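Here is what each chain is made of, one letter per residue.
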Amino acid sequence: MSKIRVYEYAKAHHTSSKEIITKLKQMNIEVSNHMSMIDGETVRKLDTVYSGKNQQDGKKNGQNGPTRNERSTRSETGDRQGNKPENRTRRENQKPNHGNGQNSKNQGDNGNSRNNNNNRSGGSNRSDGKSRTGGNNRNNRNGQTGGNNRSNGNTQAASNNRNNEKSQAASNNRNNGNSQNTSNNRSNGNTQAAGNNRNNQNSGNSRNNGNNRNSGNGNRSNNGNRGNNGRPFNKQKKNNRKNKNFKPQPQPVQKVKELPEKITFTESLTVAELAKKLYREPSEIIKKLFLLGVAATINQQLDKDAIELIASEYGVEVEEKVIVDQTDLETYFTEDREEDLEVRPPVVTIMGHVDHGKTTTLDSIRHTKVTAGEAGGITQHIGAYQVKVGGKKITFLDTPGHEAFTTMRARGAQVTDITVLVVAADDGVKPQTVEAINHAKAAGVPIIVAVNKIDKPTANPERVMQELTEYNLVPEDWGGDTIFVPISALTGEGIDNLLEMILLVSEVEELKANPNRRALGSVIEARLDKGRGPVATLLVQNGTLRIGDPIVVGHTYGRVRAMVNDLGRRVKEAGPSTPVEITGLNDVPEAGDRFVVFEDEKTARQVGEARKQQAVQAHRNETARVSLDTLFEQMKQGEMKELNVIVKADVQGSVEALTAALQKIDVEGVNINVIHTGVGAINESDVTLASASNAIIIGFNVRPDNNAKRAAETEKVDIRLHRIIYKAIEEIESAMKGMLDPEYKEKIIGQVEVRQTFKVSRIGTIAGGYVTDGKITRDSGVRVIRDGVVIYEGVIDTLKRYKDDVKEVNQGYECGITIKNFNDIKEGDVIESFIMEEIERA
Ligand SMILES: Nc1nc2c(ncn2[C@@H]2O[C@H](COP(=O)(O)OP(=O)(O)OP(=O)(O)O)[C@@H](O)[C@H]2O)c(=O)[nH]1
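Going by what an unreviewed UniProt entry lists, the protein is known as Translation initiation factor IF-2 and is assigned to Heyndrickxia faecalis. Within the UniProt record for the protein, the comment given under Subcellular location (unreviewed entry) is "Cytoplasm". Check the Sequence similarities (unreviewed entry) section of the UniProt entry for the protein; it says "Belongs to the TRAFAC class translation factor GTPase superfamily. Classic translation factor GTPase family. IF-2 subfamily."

Right, dumping it as structure tokens:
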């Protein structure tokens, strides 16, 4: 036997998936849920249990009701073979009755009555004579052919048959809206006791309950009932013929909609929603859930498991639709299958200290390689260029420096594969060299060191190597794994070697992309061109970009109108790692923005417009960066595992002391990671790095310069300034423990002009004043200002209006004030009232 799903097996064996799963567990066969596949072997094992059990079920209790088709088949057999199989059918039909307590009771009764009925039918044979035994079978057969009534008529009162006739006719009509049972009830009502009718009502929709009903009737009415039964059975058969294969809910007479083949949902469905999708009454779903041990209300949300379980009960396939945020461009940056990947050129950024030769190196590479290789090309600055070395391409971002690199990274674009760190051999490691190292390390990008200016007589490459070992950049010759290439950007010496090394590292990095998909990548730079409109240099990071592609770039969108490469040539397509300048966007994007090509322009426009809206909204809300104030919250929510810190101080000694002390802080769950240290003022580069790495900056005896201040404000970077090391440590530690004291800010709330003073023994000097501005409150702090100078600061002792103590006095009113421990108040003094307000933490 081939593989089969648990629920299919359960269906086929008239049992619940749950029971099969339990049974399998008992057999030590693990299945996760009802959708799990079971193999032939397992099926055989199950068969040993269920094939026997089924028969028994059939004989003994029929708890696991068969599908109706089966039921009808059996009843058919029963009809042909005699009472016993019919009896089985009836018992099996108990299942639908489980729906509510009353029903179950009835079932029990019915079950009994059914049995009894069989007995009775035997008995009835006796009592009714020929009519019953023969009549029964015949009836059923007749029922099939439509001659039922007549055969019944032979044995019973004609009126009964007529009733049946009528009732059936009526039932056919009525059934359109109601259950068959009801109709049966009515027909039975003519012939039977009212008690039956109640049973019928309880029985719910199932036709089989009709049997029960009939069974419950006295012998006298059995014939009539059988007549009734005959018809439904008959109908069942017709239905059976229609649906050869299993159809769990074929209520043929009712206009119940066919079950859908498949239903879909996202996240969850309420019982009512699921019922609607399955074209079933919610009560039916609630019953099923009840049988599965879940007491649910109509508005209850069902989880995926419950939905699948219920759907499997009906044999309906379920598909969960995961909502993808179409506007999140990151979701399009999906992994490719290994077999679709092809090697792509590395993207290289050149970093280093001022004047160490970054630009000269970039120019040197470009001139020797680009112009020589691509004859006739007029190099054009588009923010990046490609060179060919031995048939392999390398892409250089030609905005040197780590600022651009980190700005891009801060915007989520990690475009660089390899960093070339240019260090002048005559100058050695300088602050920006260290910054560059830290920026590259924070981004996890491999570093190749280009020791530049080796043509200079003062060049000392050894010293550079020595100094860099301090930053874990150890040359291979010295047992490390960093590639050092001595070059002279000016003379071109060593440039070829540098390029070779870049290719070597890129090979190790196994840089690959899939050229056969819609393009995705990042913006290198963008500007507004007077003639051409918005112009953006895009770096294709995956896929192939083509002219005419509908595209979303950051918060802009459009269609790629024209593409120009770094040689100023028009191109029709650009593969992975290729920089191209495009036009056709509706607005100017920003460097570091992501771009994604869409299938059609409509979607691109929708996504682009939605992103624009979001950007406006986001700008209003401003994303929360890590700050000491929110650190504890983020730690609690498990968002922070590592606190990135940048340390800037006045002297190297302080930097080291502070760094060492920070690293010793031991608070469970969070590590402190000092990503960059430096001597001197906090600069813009520190802020960009902090922003890109979600770090906080600690300044010791240093201040941020104006650019840094501005950048920190816009980027929402938390800068903490200290003059005492242990205070800095304490602050971080308490922030990590969630014990940062609230911050207070003074707020001046009013001014009182002293117009008179009264000296009262035992009380002191009372100032008779007039509130000229704002108000003064009983609990506010006060400052006594005389001739623009604060002469006393304290708190109010009493505040009165006439003789009454008051809580506050507003502008335009007079009041009497005494100040605690201060009696030197004079006419003309101004009493300033203030309160300390807690600053809301971001
Ligand atoms: N002798 C010698 N001079 C060099 C070499 N490389 C660069 N220079 C000189 O060093 C100076 C600075 O070079 P740049 O390429 O502008 O340095 P940079 O790192 O780009 O400088 P910034 O753009 O200011 O950060 C220029 O005068 C270059 O001519 C070299 O290999 N040898």
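On we go from here.
**Q** A description of the packing of aromatic side chains should follow, citing residues and the corresponding values.
**A** The final tally for this structure, using the stated rule, is two aromatic pairs. For the ring pair Tyr 792 and Phe 822, a centre distance of 4.4 Å and an interplane angle of 10° mean the geometry is stacked. With Tyr 792 in strand 30 (residues 789–801) and Phe 822 in the loop between strand 33 (814–819) and strand 34 (830–838), this residue pair connects regions lying 30 residues apart in the sequence. Over the aromatic face of Tyr 314 sits the side chain of Lys 288, whose NZ or CZ is 4.9 Å from the ring centroid.

**Q** For the pairing of strand 33, give the residues involved together with the corresponding values.
**A** With five of its six residues buried, strand 33 lies for the most part within the structure. Pairing of strand 28 (residues 764–777) with strand 33 involves four bridges; the strand directions are antiparallel. For Gly 769, the partnering residue across the bridge sits in strand 33 and is Cys 815. Where strand 30 meets strand 33, four bridges bridge the pair, whose relative direction is antiparallel. Across the sheet, the residue bridging to Thr 798 is Thr 818, located in strand 33.

**Q** Break down the site of the ligand for me, with residues and values.
**A** The ligand sits among 15 residues. The nearest are Lys 358, Thr 359, Thr 360, Asp 455 and Ala 489. The side chain of Thr 359 places a nitrogen or oxygen atom 2.6 Å from an oxygen atom of the ligand. Protein coverage of the free-state accessible area of the ligand, which is 640 Å², stands at 70%. At three residues, helix 17 (residues 358–373) tops the list of elements feeding residues into the shell around the ligand. Broken down by class, the residue content of the shell around the ligand amounts to three nonpolar, seven polar and five charged.

**Q** An account of the sheet that holds strand 26 (residues 719–722) is requested, with residue identities and associated values reported.
**A** Read from one edge of the open sheet, four strands run 24-23-25-26, paired in parallel fashion. Pairing within the sheet leaves two strands with one partner each, and these edge strands are strand 24 (671–679) and strand 26. On average, each strand axis in the sheet is inclined to that of its neighbour by 25°, with strand direction left out of account. Relative to strand 24, strand 23 (residues 642–649) runs parallel, the two sharing eight bridges. Residue Ala 649 lies in a different strand from strand 24, and its bridge partner there is Val 679.

**Q** Lay out the environment of Glu 684 with the relevant residues and their values.
**A** Locating Glu 684 in the fold gives a position in helix 25 (residues 684–693). For Glu 684, a relative accessible area of 43% translates into the label partly exposed. Residues Glu 684 and Pro 704 lie 20 residues apart in sequence; the distance between their C-alpha atoms is 8.3 Å. If we ignore the near neighbours within four places in the chain, the residues touching Glu 684 are Asp 705, Asn 707, Ala 708 and Ala 711.

**Q** Can you break down the nonpolar core residue by residue, with the values?
**A** Counting 23 residues, the largest nonpolar core has Ile 365, Ile 394, Phe 396, Leu 498 and Ile 502 as its most contacted members. Broken down by secondary-structure element, the contributors of at least two residues to this core are strand 8 (347–352), helix 17, strand 9 (384–389), strand 10 (392–397), strand 11 (418–424), strand 12 (447–452), strand 13 (483–486) and helix 21 (495–509). At six residues, helix 21 tops the list of elements feeding residues into this core. Beyond its immediate sequence surroundings of up to four residues, Leu 498 is in contact with Thr 361, Ile 365, Val 420, Ile 448, Ala 450, Val 485 and Ile 487.

**Q** Outline the confidence of the model for the protein, supporting the account with residue identities and numerical values.
**A** Considering every residue of the protein, the mean pLDDT works out to 73; 68% of them sit at 70 or more. Note on residues 54–244: pLDDT under 50 across the span, and 342 contacts to partners over four residues away in sequence or across chains. Every residue in residues 371–377 scores below 50 in pLDDT, and together they form 10 contacts with partners more than four places removed in sequence or on other chains.

**Q** I'd like to hear about the side chain of Ser 506, residue by residue, with values.
**A** Its place among the elements puts Ser 506 in helix 21. Residue contacts for Ser 506: discarding those within four places in its chain leaves Pro 346, Ile 418 and Leu 511.

**Q** Which residues make up the sheet that holds strand 10, and what values go with them?
**A** Reading across the sheet, the six strands line up as 9-10-8-11-12-13 and stay open at both edges, with mixed pairing between neighbours. Edge positions in the sheet fall to strand 9 and strand 13, since each has one partner strand and no second. The mean angle between the axes of side-by-side strands here comes to 30°, regardless of whether they run parallel or antiparallel. Across five bridges, strand 8 lies against strand 11 in parallel orientation. From the neighbouring strand, Thr 349 faces strand 11, where its bridge partner is Thr 419. Of the strands in this sheet, strand 11, strand 12 and strand 13 are in contact with helix 20 (residues 461–469), which crosses strand 11 at around 125°. Along the sheet, helix 21 contacts strand 8, strand 9, strand 10, strand 11, strand 12 and strand 13; its crossing angle with strand 10, the most-contacted strand, is approximately 100°.

About the criteria used
- Residues numbered from 1 in each chain as written.
- Predicted model: local features only at pLDDT ≥ 70, side-chain atom pairs only at ≥ 80, totals over all residues.
- Heavy atoms only, no water.
- UniProt positions renumbered as here; feature names shortened; annotations may be inferred.
- Phe/Tyr/Trp six-rings, centres within 6.5 Å; stacked < 30°, edge-to-face > 60°.
- Helix = DSSP H or I, 4+ residues; strand = E, 2+ residues; numbered from the N terminus.
- Lys NZ or Arg CZ within 6 Å of the ring centre and 35° of its normal.
- Buried < 20%, exposed > 50% of the residue type's maximum accessible area, 1.4 Å probe, protein only.
- Pairing = 2+ DSSP bridges.
- Near = heavy atom within 4 Å.
- Polar contact = N/O pair within 3.5 Å; in protein donor to acceptor, adjacent residues only side chain to side chain.
- Areas by Shrake-Rupley, 256 points an atom, 1.4 Å probe, with all protein chains shown as cover.
- Nonpolar A, V, L, I, M, F, W, Y, C, P; charged D, E, K, R; others polar.
- Axes fitted to C-alpha atoms, helices over the stretch in contact; angles between N-to-C directions.
- Contact = heavy atoms within 4.5 Å.
- Core = buried A, V, L, I, M, F, W, Y, C linked by side-chain atoms within 4.5 Å.
- pLDDT = per-residue confidence, 0-100.

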